[in-house]
Amino acid sequence: MLGFDVSTARKVWTAFLIALLFFVIYIASSTVLVVVFAVFFSYLIYPMVDLVDRIRPRRVPRVASIALVFIVVVAVIAVVGSVFGVQLQDQATHLFAQLPTLMKSDVQNRFPLPHFLEPLRERIVDFVSSQIETGSDKAVPMARSVGLGVVHAASNLIYLVLIPILSFLLIKEGPQMRDSFLDLLNDRHRVLWAEIVTDLNVLLSKYVRALLFLSLATLICYGVAFSLLGVPYAFLLAVSAGLLEFVPFAGPLGAVAITLVVAVFSGYPHLLWLVIFIGLYRLFQDYVLNPYLMSEGVEVSPFLVIVGLLAGDQLGGVAGIFLAVPVIAMLKIVIGRARVFYAASRAEGEAARKALTGKTD
């Protein structure tokens, strides 16, 4: 009577709640990131928990198998860190100590250029030199900024402790949390959200494990190839490339750029072979390994990936870039399931109305 549309009001209220949710997430971004990384870590080690669950005696509680897996994982991380950490630290320290000398060398004159650019070598070298000098002038302020960032991160080391604790609780209480959430819904929406939760579970498990395999593949292949080719700081560059694989799109590009820059300024003589190897490996990973590992559920158009990466960078920096692709894929699943569900509901409603009125097509 007053022009109040219940359906429109529900849509407006839903949009308001979604906007409020995003606002709360933005305000509590640090806490949300800790929870998100805990979820990712849970998916990373859950296959081991599932394996132990299958072989544990029935009289042993499930929490014992979860605790065993966490102890083993922490022990492996500690051993790997103690074995390779010293070598990684030595190479990083040596590289940063040599940076001033490398930047002042005439390595730019030995930089390989295509034949048609040789007449412009002097201009290109002058431009590169000016950029290096500018970068040198900014090195001290940048170092100070990085130092402040390290201090800030050190003050938040409690988050590194909370992530495995939250992961332990998520694995232990995940099924109960899922059932409790579904019990809050009515029968009609419980079916929809049960399917969404199942799809999201499959998506995240595949995505996290695929990232881990891609990172390990890059670390091993780069490490072996760089060592055989005699690339300076081979282990440091391989570890950096492996870690950057967790950042979609921008991470691998950054790893390639870092590797080539370090090789050039270190006077590495076989730059062409290095470029060929990196090109072949990227082709193999991007067109063979990556599609195989992410064959289902993580298909996102390149346009949405780029837009998501830009938005993620603006909202959360590196963490936002890291989360952009899975968030887009999750939204795609939710929207797709909701469209199918409500389309089926409308079809059922239309069929019911026709049955009541006695009309047929």
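In its Sequence similarities (unreviewed entry) section, UniProt records this for the protein: "Belongs to the autoinducer-2 exporter (AI-2E) (TC 2.A.86) family." In its Subcellular location (unreviewed entry) section, the UniProt record describing the protein reads: "Cell membrane".

Asks: How should the overall build of the protein be read in this particular structure?
Replies: Across its full length, the protein carries eleven helices and zero strands. The helix and strand sequence of the protein, counted from the amino end, reads α-α-α-α-α-α-α-α-α-α-α. Looking at the protein alone, contacts between residues at least 24 apart form 70% of all its contacts between residues at least 6 apart. Split by element, the accessible area of the protein, about 23800 Å² in all, is 72% carbon and sulfur.

Asks: It is not clear to me how the confidence of the model for the protein should be interpreted in this structure. Could you clarify?
Replies: The predicted coordinates of low-pLDDT regions are not to be read in fine detail. In this model, the protein carries a mean pLDDT of 76, and residues with pLDDT of at least 70 account for 73%. Here helix H5 (residues 139–155) stands out as the element of the protein with the lowest mean pLDDT, 46, in contrast to helix H8 (residues 234–244), whose mean of 90 is the highest. Across residues 136–140 the pLDDT falls below 50, and counting only partners more than four positions away or on other chains, this stretch makes one contact in the model. The low-confidence segment residues 142–151 (pLDDT under 50) makes zero contacts with residues lying over four places distant or belonging to another chain.

Asks: I keep staring at the UniProt feature "transmembrane region" (unreviewed entry) in the protein and nothing clicks. Help me out?
Replies: Within the UniProt annotation, "transmembrane region" (unreviewed entry) is assigned to residues 12–45, 66–86, 150–171, 210–235, 255–280, 292–311 and 317–335. In the segment residues 66–86, helix accounts for 100% and strand for 0%; the C-alpha atoms at its two ends are 31 Å apart.

Asks: Looking at this model, I keep getting lost on helix H7 (residues 187–229). Mind explaining?
Replies: Since the α-helix packs 3.6 residues into each turn, any two residues three or four apart lie on the same face. Relative to the 63 Å expected for 43 residues at 1.5 Å per residue, H7 spans 62 Å between its end C-alpha atoms, a close match to the ideal helical length. Where H7 starts, the residue carrying a side-chain oxygen 2.8 Å from the main-chain nitrogen of His 189 turns out to be Asn 186. Downstream of H7 by one or two residues, Gly 230 has phi in the positive range, about 75°.

Asks: Is there a simple way to explain the pattern of salt bridges in this structure?
Replies: Here the structure, examined in full by the defined rule, presents nine salt bridges. The shortest N-O distance in the salt bridge between Glu 195 and Arg 337 comes to 3.3 Å. With Glu 195 in helix H7 and Arg 337 in helix H11 (residues 302–357), this pair connects stretches of sequence that are 142 residues apart. Residue Glu 195 is classed as partly exposed on the basis of its relative accessible area of 35%. In this structure Arg 337 comes out as partly exposed when scored by relative accessible area, which is 31%. For Glu 245, the salt bridge is made with Arg 282, and the minimal N-O distance between the two is 2.8 Å.

Asks: In this structure, what is going on with the environment of Phe 322? I would like to understand it.
Replies: Following the sequence through the fold, Phe 322 ends up in helix H11. Look at Phe 322 and you get buried, because its relative accessible area is 9%. When the C-alpha atoms of Phe 322 and Gly 251 are compared, they prove to be 9.1 Å apart, with 71 residues separating the residues in sequence. In this structure Phe 322 touches Phe 37, Phe 40, Tyr 207, Leu 211, Phe 246 and Pro 248, once residues within four positions along its chain are discounted.

Asks: Could you clarify how one ought to interpret helix H9 (residues 250–265) in this entry?
Replies: In this model H9 runs 22 Å from its N-terminal to its C-terminal C-alpha over 16 residues, within 8% of the 22 Å that 1.5 Å per residue would give. Among the residues of H9, those classed as buried are Gly 251, Pro 252, Ala 255, Val 256, Thr 259, Val 262, Ala 263, Val 264 and Phe 265. With its phi angle positive at about 75°, Gly 267 sits one or two positions after the end of H9.

Asks: Sorry, what's going on with the side chain of Thr 218 here?
Replies: Along the polypeptide, Thr 218 turns up in helix H7. In contact with Thr 218, other than residues within four places in its own chain, are Gly 223, Ala 241, Gly 242, Glu 245, Tyr 281 and Gln 285.

Asks: So what exactly am I meant to see when it comes to the nonpolar core here?
Replies: General note: in soluble globular proteins, nonpolar side chains tend to be found buried as a group. In this structure, Tyr 222, Phe 226, Val 231 and Leu 274 are the most contacted members of the largest nonpolar core, which totals 26 residues. Elements represented by at least two residues in this core include exactly helix H3 (62–104), H7, H8, H9 and helix H10 (271–293). Looking at this core element by element, the count peaks at six residues for H10. When sequence neighbours within four positions are dropped, the list of residues in contact with Leu 274 reads Phe 226, Leu 229, Val 231, Thr 259, Leu 260, Ala 263 and Tyr 268.

Asks: Quick question: what am I supposed to make of the layout of surface pockets here?
Replies: Rolled over the atoms, a probe with the dimensions of a water molecule shows which regions are left empty. Put simply, the second largest pocket is a space of about 1700 Å³. Lining the second largest pocket are 39 residues, with Leu 44, Leu 212, Ser 215, Leu 243 and Phe 246 sitting closest to its centre. When contributions to the lining of the second largest pocket are tallied by element, the ones reaching two or more residues are helix H2 (29–55), H3, helix H6 (158–183), H7, H8 and H11. Looking at the lining of the second largest pocket, the element that brings in the most residues is H3, giving eleven residues. Class assignment for the residues of the lining of the second largest pocket results in 35 nonpolar, four polar and no charged.

Asks: What should I look at first to understand a nonpolar patch on the surface in this one?
Replies: Residues Leu 272, Trp 273, Ile 276, Leu 280, Leu 283, Phe 284, Tyr 287 and Val 288 make up a contiguous nonpolar surface patch of about 920 Å² in total accessible area. Within the fold, Leu 272 resides in helix H10. By relative accessible area, which is 63% here, Leu 272 ends up exposed.

Asks: Honestly, the packing of H8 against H9 in this entry has me stumped. Any pointers?
Replies: In the contact formed by H8 and H9, the axes pass within 8 Å of each other and the chain directions differ by 165°. Here H8 is positioned roughly antiparallel relative to H9, judged by the angle of their axes. In this structure, H8 meets H9 at a crossing whose hand is right-handed. Note on element contacts: H9 touches H8 through Gly 251, Pro 252, Gly 254, Ala 255, Ile 258, Thr 259 and Val 262, opposite Leu 237, Ala 241 and Leu 244. Looking at the contact of H8 with H9, its residues break down into seven nonpolar, three polar and no charged.

Reading guide: rules and limits
Positions within a chain are numbered from 1, following the residues in the order the chain's sequence is written. The predicted nature of this model means local features are confined to residues of pLDDT at least 70 and side-chain atom pairs, given and counted, to a pLDDT of 80 or more, with totals for whole chains, interfaces and linings taken over all residues. Excluded from the side-chain calculations are hydrogens and water; all other atoms, namely the structure's heavy atoms, are used. UniProt positions are given in the numbering used here, feature names are shortened, and annotations may be inferred rather than shown by experiment. We count a stretch as a helix when DSSP gives it H or I for four or more residues in a row; a strand needs E for two or more, and each element gets its number in order from the N terminus. Residues are treated as being in contact if the distance between any of their heavy atoms lies within 4.5 Å. Every accessible area reported is derived by Shrake-Rupley at a probe size of 1.4 Å, with residue values counting cover from the shown protein chains alone. pLDDT is a residue-level measure of predictor confidence that goes from 0 to 100. What a helix should span is 1.5 Å times the count of its residues minus one. Definition of a polar contact: a pair of N or O atoms within 3.5 Å, with one able to donate and the other able to accept a hydrogen when the atoms are protein atoms, and with sequence-neighbouring residues admitted only if both atoms are side-chain atoms. Each reported salt bridge corresponds to a side-chain nitrogen of Lys or Arg within 4 Å of a carboxyl oxygen of Asp or Glu. Note on classification: 1.4 Å probe, protein chains only; a residue is buried when its accessible area is under 20% of the maximum for its type, exposed when over 50%, partly exposed between these limits. Nine residue types can take part in a nonpolar core, namely buried Ala, Val, Leu, Ile, Met, Phe, Trp, Tyr and Cys, and a core is a set of them joined through side-chain atoms within 4.5 Å. Residues are said to line a cavity or pocket when one of their atoms sits within 4 Å of a point; the points come from a 1 Å grid over protein atoms alone, cavities being sets where a 1.4 Å probe fits but cannot get out and pockets being open sets with protein on both sides within 12 Å along at least five of seven lines. Grid points are joined across faces, edges and corners, and a volume is the space filled by probe spheres set on the points. Throughout this entry, Asp, Glu, Lys and Arg are counted as charged residues, while Ala, Val, Leu, Ile, Met, Phe, Trp, Tyr, Cys and Pro are counted as nonpolar. The remaining residues, Gly among them, count as polar. Patch members must show over 30% relative accessible area and no salt bridge, and they are joined within 9 Å when carrying like charges or within 5 Å when they are nonpolar side chains of Val, Leu, Ile, Met, Phe, Trp or Tyr. Every axis in this analysis is a line fitted to C-alpha atoms, fitted for helices over the stretch in contact. Angles between the N-to-C directions lie between 0 and 180 degrees. Oblique is the label for every angle not falling under 35 degrees (roughly parallel), over 145 degrees (roughly antiparallel), or within 65 to 115 degrees (roughly perpendicular). Handedness of a crossing is defined here by the sense of rotation of the near helix relative to the far one, left-handed for an anticlockwise turn of less than a right angle and right-handed for a clockwise turn.

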